[in-house]
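Spelled out from the first residue to the last, the chains are:
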Amino acid sequence: MKLHLHQIEKSFGSSSVLKGITASIDQGSFITLLGASGCGKTTLLRILAGLETPDRGTISFDGQDASQLSLQERRVGFVFQHYALFPHLTVFENIVFGLKVRATREQISRAAMNTRVKELLELVHLQNFADRYPHQLSGGQKQRVALARALAIHPRVLLLDEPFGALDTEVRHKLREELKTLQKTLGITCILVTHDQDEALALSDRILLLREGRIEQIGKPEDLYLNPASSFVMNYFGRTNELSAEELGFSLPGPILVRAEDISIDPALSSAALARLHRVSPRGSTVHLELAIESPQGERTLHAEIPRERWAKHPVELGALVSWRINAYKNFHESSVEPSSL
Amino acid sequence: MTELASSPSIPRPASLTWNLAKPLRANLGRYILLAIAISYGVLILGLPLAVVLLEAFKKGLGSYREALLARDALGAMSLSLLVAFLVVPLNTVFGLAAAWLLGKFRFRGRNLLITLIDLPLAVSPVVAGLMFVLLYGAQSPLGPWLAAHDLKIIFALPGIWLSSLFVTLPYVARELLPLLESQGTELEEAAALLGASGWQNFWHISLPRMKWALLHGIILCNARVLGEFGAVSVVSGHIRGKTNTLPLHIEILYNEYQFTAAFAAASVLAFLALITLVFKRVAQKHHTQAASLSA
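Residues numbered from 1 in each chain as written. Chains lettered and ligands numbered in written order. Predicted model: local features only at pLDDT ≥ 70, side-chain atom pairs only at ≥ 80, totals over all residues. Heavy atoms only, no water.

Chemist: Hey, could you run me through the sheet that holds strand β7 (residues 157-161) of chain A in this one?
Modeler: Backbone hydrogen bonds hold the strands of a sheet together, and the pairing may be parallel or antiparallel. Residue and element names in this part refer to chain A. The strand order across the open sheet formed by six strands is β6-β7-β8-β3-β9-β10, and the pairing between neighbours is mixed. Only two strands of the sheet have a single partner each, and these edge strands are β6 (76-79) and β10 (214-219). Taken over all neighbouring pairs, the strand axes of this sheet differ in orientation by 15° on average, direction set aside. Direction of pairing for strand β3 (residues 30-34) relative to strand β9 (residues 206-211): parallel, over a ladder of four bridges. Considered in β9, the bridge of Ile31 is made with Arg206. (Pairing = 2+ DSSP bridges. Helix = DSSP H or I, 4+ residues; strand = E, 2+ residues; numbered from the N terminus. Axes fitted to C-alpha atoms, helices over the stretch in contact; angles between N-to-C directions.)

Below, the structure is given as C-alpha cells:
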C-alpha cells in the first residue's frame, strides 16, 4: 500500500508533539521512524494506526483519506513494544482473534481460519506452541506471536512500535533478521519506530529521522550516514568531533564536524598536529581512543575510532604523544540547512 | 550493620552474641504479634459468632427449626433475598459501566464522579434512609402526588429497594476501578486494531480479565444488601411479614425477648456470611493469580 502523509500536526495540551510531517511511503518498503525519545515518532505511528487523530493534516491510504476509515477498515497490523498479547487466550486464540472478530462481516470460514493460523505459526516458527499461554513463552516467542497475530488479518501496512526494545541483544538481532526476511517475502509495507540507529541502518529501505516533531532528514540509510543534512543527523549516527575550522587552518565559517572513524593516528611527528593519548576502550572490531589536544581555549578531548588490527600493530602507551589527521569532515555553515523531505 | 544482619553466617566474634540474639528476638516479636492478633480475633470475631450459634441452638434443633420456619421469619428471609435479587444485578451493571468509564477514559468531571461513587460509603446508612423518606415520604413535595396515584415507596418494597441500591452502589465499581486503571488500554487497542467492535472488545478482552474482581465485587455487594440494617430500618416501617428484612426481623425478635428465635435468624445471616467468605476467598485467589499471570 502507498501511504501519504501531508502536514501532520498534533499537540497534547500545550505541548506540540508533531509540527507538520509530510512524507510518502512506497508499497513494500521498510521505513524507520528514528529519533530520540520525545521526538514524536510513537505519536506519528499511533496516528498512522488510527489510535490518535491528528489536529491538522491528512493521511491517505492508496489515495483514500484515512480519516474516513474505521479502525477495522484501516486494516493495519500493529506490534507493541510490550507485546500486548491477550493473557487469557492461547497462542492459537491470540492469532485467530483478528479473523474471528471479522468472521461474520468478511465471511471467513472456520477451516480458513485454522489454515491461516497454521500457516502463520510456521512462518514465525512456533508450530508446537499453539496451545501455550503467553505467560509460558519467552520474550522473543511472545513477540513472534504478536507478529503472527498482526499479520493474520492480511494488513495493508505493518506498524511496529519499538518491537525489539524489551528483548536481549541476541534475540533482538535474530528477530530483526527474521522480520527483514519476512517483510521481503510478503512484500508488505513496514513502518518501524525505534531510537536505535543500528536497528534503523540494518532494517530500513528509508529512514525518517525526527527531531522535536519535525523531519530532520529522510533518505536511504547510507545517505543519512554519508550525506547528513545537518550536524544533528551526523551526531545521531556515531560519535562526532566538533572542531574549530580556524584553529585547524581551514578557511571555512563555523565549526567543522569529523566522525571519530575519520580521524587517523600515527606515531608522533613534530611537523604534524599532536595529541596526547588519554584513554583506550576496545569496542570489538574497533578501538575507541580519547585524545587530548591543546587549543587556545584549553585542553579539549578528541574522539577517534580505529580498526582493532591497526591498533594491535601500532599500540601507543597512555600519555604518549601521537600525531593525528582528519580524513573527512563536514561543514554545515556553507549553506543554510533545510530539513529535506520527499 | 545491615550487611551483617543479612548475612549472619560470616564468623565474626564481635557480632556473635548479636547474631545469636537476633533470631530469638525476632521470633519473640513475631509470637507476641501473633498472640495479639489471635486473641483480638477470638474476642472480636470468634466469640460473638460462637455466642450466636450457641444461643441459636440452646433449646435444641427442634426450636431452632421452628424459629426459622415461622411465617414471619420465612417472610423476612424471602424479602431479603428478593431485595438482593433486585439490587445486586443493577449495581453490578452500574458498577461495571462506571468502572469501565473511569478506568479506561480520561475526561472532565472524572474526579467528581469518583467522589460521587464514594458518597454512600461516607454517608451514614440511617441518613441515607432519611434522605429517601424526605424525598418520597408523605410529608415530601412528591408525597401527595404519589398518594394520589396509589404509589407506595416509603414503608414498602420500593423504598427498601432504593435505599439498598444507594448503600451498596460503590461496591462493584470500587472493586473494579483500581484493576481497570492498572490494566491500561493497550490490549483493548490491540483488539480494536485487529478489527474487534466495542462490544467484542468488552466481551472477549476486558470482561475475561476482570471477571474475578467483578465476582469479588458482586459477593461484597450481595453481603452488604443482605446485612443492611440502618437505611432499610428507616424506610421499611417494620410491617411484619411485609416489609421486614432479615436484619429487621432479628431486631424485633430481640426486642421482644425471643432470644432463641432472634439468634436462630441471626445464625442464618452468620452462615450466609461464612459462605460469602468462602466464595470471596476463591474469587480473590483467582483474582490475584490472574493478575500475576497477566503481569
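Still more to cover.
Chemist: What's the story with the confidence of the model for chain A in this structure? I'm lost.
Modeler: Summarising the model, chain A shows a mean pLDDT of 90, and 97% of its residues fall at 70 or more. In this model, residues 335-342 of chain A is a region of pLDDT below 50 whose contacts with residues beyond four sequence positions or in other chains number 14 contacts. (pLDDT = per-residue confidence, 0-100. Contact = heavy atoms within 4.5 Å.)

Chemist: It is not clear to me how the interface of chain B and chain A should be interpreted in this structure. Could you clarify?
Modeler: Residue-level contacts link 18 residues of chain B with 23 residues of chain A. Summed over both sides, the interface between chain B and chain A buries roughly 1,800 Å², with carbon and sulfur atoms accounting for 71% of that surface. The residue Arg46(A) makes a salt bridge to Glu189(B) at a minimum N-O spacing of 2.7 Å. Our enumeration of links across chain B and chain A arrives at five residue pairs in polar contact (both at pLDDT 80 or more). Contributing elements (two or more residues each) for the side of chain B that touches chain A: α10 (186-194), α11 (198-227) and α14 (259-294) of chain B. Grouping the constituent residues of the side of chain B that touches chain A by class yields 10 nonpolar, five polar and three charged. (Buried area = accessible area lost by both parts, 1.4 Å probe. Salt bridge = Lys/Arg side-chain N within 4 Å of Asp/Glu carboxyl O. Polar contact = N/O pair within 3.5 Å; in protein donor to acceptor, adjacent residues only side chain to side chain. Nonpolar A, V, L, I, M, F, W, Y, C, P; charged D, E, K, R; others polar.)

Chemist: What am I meant to see in α10(B) here?
Modeler: Spacing of three or four residues puts side chains on the same side of an α-helix, whose turn is 3.6 residues. Residue and element names in this part refer to chain B. Along α10, eight of the nine residues are buried, which leaves the element largely enclosed by surrounding structure. Among the residues making up α10, those that are buried are Leu187, Glu188, Glu189, Ala190, Ala191, Ala192, Leu193 and Leu194. Count one or two residues on from α10 and you reach Gly195, which has phi positive near 115°. (Buried < 20%, exposed > 50% of the residue type's maximum accessible area, 1.4 Å probe, protein only.)

Chemist: Would you explain the domain arrangement of chain B in this entry?
Modeler: Domains assigned within chain B are domain 1 (13-52) and domain 2 (59-294). In this structure, domain 1 of chain B and domain 2 of chain B have C-alpha centres spaced 37 Å apart. (Domains from an automatic or database assignment.)

Chemist: When you look at unusual backbone geometry in this model, what are you seeing that I'm missing?
Modeler: Trans peptide bonds make up the majority, and among non-glycine residues the majority have a negative phi. All names here are of chain A. Residue Gln7 is not a glycine yet carries a positive backbone phi of 50°. Relative accessible area serves as the criterion here: at 38%, Gln7 is assigned to the partly exposed category. Its identity is not glycine, yet Glu162 carries a phi of approximately 40°, on the positive side. On the secondary structure map, Glu162 appears in the loop between β7 and α7 (169-186).

Chemist: What is the right way to look at the confidence of the model for chain B in this model?
Modeler: Reading predicted coordinates in detail is not appropriate for stretches of low pLDDT. Residues and elements named next belong to chain B. Counting all residues, the mean pLDDT for chain B is 86, and 89% of those residues have values of 70 or more. Averaged pLDDT values over the elements of chain B bottom out at 41 in helix α1 (residues 2-6) and peak at 95 in α10. Contacts of residues 1-16 to residues separated by more than four positions or lying in other chains number seven contacts, the stretch itself having pLDDT below 50. Interface confidence for the predicted complex, given as ipTM, is 0.85, next to a pTM of 0.79.

Chemist: Would you explain the pattern of salt bridges in this entry?
Modeler: Close approach of charged atoms allows side chains of opposite charge to pair. According to the stated counting rule, one finds 24 salt bridges over all chains in the structure shown. Here Lys41(A) makes a salt bridge to Glu162(A), at a shortest N to O gap of 3.8 Å. One end of the pair, Lys41(A), is in helix α1 (residues 41-49); the other, Glu162(A), is in the loop between β7 and α7, with 121 residues separating them in the sequence. The same class applies to Lys41(A) as to Glu162(A), namely buried. The partner of Arg176(A) in a salt bridge is Asp196(A), with the nearest N and O atoms 3.7 Å apart. Taken together, the residues span a long stretch of sequence, with Arg176(A) in helix α7 and Asp196(A) in the loop between β8 (189-194) and α8 (197-203) at a distance of 20 residues. On the accessibility criterion, Arg176(A) (6% relative accessible area) is buried. The class of Asp196(A) is buried, set by a relative accessible area of 18%. When salt bridges with common partners are traced through the structure, they connect Arg46(A), Glu52(A) and Glu189(B) into a single cluster.

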